[in-house]
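# Architecture at a glance
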Amino acid sequence: MKTLQQLIQGYQHFLTVYCPKHEDLLAQLSRGQQPQVLLITCSDSRIEPGLIFQTEPGDLFVLRNAGNMVPPYGDRNSAEAGTIEFAILGLKVHDIVVMGHTQCGAVRALLQLDNVRTQLPCLCQYLAMSARVPALIGARSQEADAERQFRLAVYQNVLVQLDNLLTHPAVASAVERGQVALHGWVYHIETGAIDAYHHSTGQFLPLQQAPFEPVHSEWPLKLT
Ligand SMILES: [Zn+2]
């Protein structure tokens, strides 16, 4: 893994090779941004959106935190709420993708809140916004082993965040008017594969095989 010194060397390369080659793009971007997609994903270092989606600067508006969480509407001090509102009303993005991932440490912590509370009190308090995830998967997979529970929780956590998204008036109204479509994805760190939530079957299917079908505002968004 790279040290800060190595990152600075990478920056030197960016500055001397990439920037001169992309002068026109950078000049255009200095006049504003018009990303079409808001990507809400985890802070995990193994998620590299620019690499995964082969994007250039200006392509993606990204909101990241541990566990790709979206607090339910209500706290006006929430950075997530302000960022989402700006993406919809300011940038007028067309799509919002919540992308969780396998082996997510935040989701693992969510399944063991009582065990990690002393060590990581701030994280635990913040993860409580998704406290219904363990109950949702526990209720439907009591026989499953811990790793299976963990995997299910990653998927269920994405659905809970989509549900939380719809509590935000800017999101609900844009979805209602057909201006914004919501998508729930899970990225597999092991392979690079992505599964997409398919609303009409209630299942996650491989992104490349799944019919393109945004999530609409009908609860429950439960795994089936
Ligand atoms: Zn994560």
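The structure we're discussing is the one just above.
The structure contained in this document is the topic of the report that follows.

## A look at the pattern of salt bridges
- In total, this model carries 4 salt bridges according to the counting rule given.
- Of the charged contacts in the structure, one is a salt bridge between Asp44 and Arg46, with a shortest N-O distance of 2.6 Å.
- In this structure, Arg132 and Asp163 form a salt bridge, with 3.0 Å as the shortest nitrogen-oxygen distance. Of this pair, Arg132 sits in helix H8 (residues 132–138) while Asp163 sits in helix H9 (residues 146–165), and the two are 31 residues apart along the sequence.
- The exposure class assigned to Arg132 is partly exposed, which follows from its relative accessible area of 29%.
- According to the relative accessible area criterion, Asp163 is buried, its value standing at 16%.

## Concerning the coordination of the zinc ion
- Taken together, Cys42 (SG), His101 (NE2) and Cys104 (SG) make up the protein donors of the zinc ion, found 2.0 to 2.3 Å from the metal.
- Motif for the zinc ion, donor spacing along one chain: C-x58-H-x2-C. One end of the pair, Cys42, is in strand S1 (residues 37–42); the other, His101, is in strand S3 (residues 95–101), and 59 residues separate them in sequence.

Analysis parameters
Residues numbered from 1 in each chain as written. Predicted model: local features only at pLDDT ≥ 70, side-chain atom pairs only at ≥ 80, totals over all residues. Heavy atoms only, no water. Salt bridge = Lys/Arg side-chain N within 4 Å of Asp/Glu carboxyl O. Helix = DSSP H or I, 4+ residues; strand = E, 2+ residues; numbered from the N terminus. Buried < 20%, exposed > 50% of the residue type's maximum accessible area, 1.4 Å probe, protein only. Donors = N, O, S within 2.8 Å, 3.2 Å for Na, K, Ca; no water.

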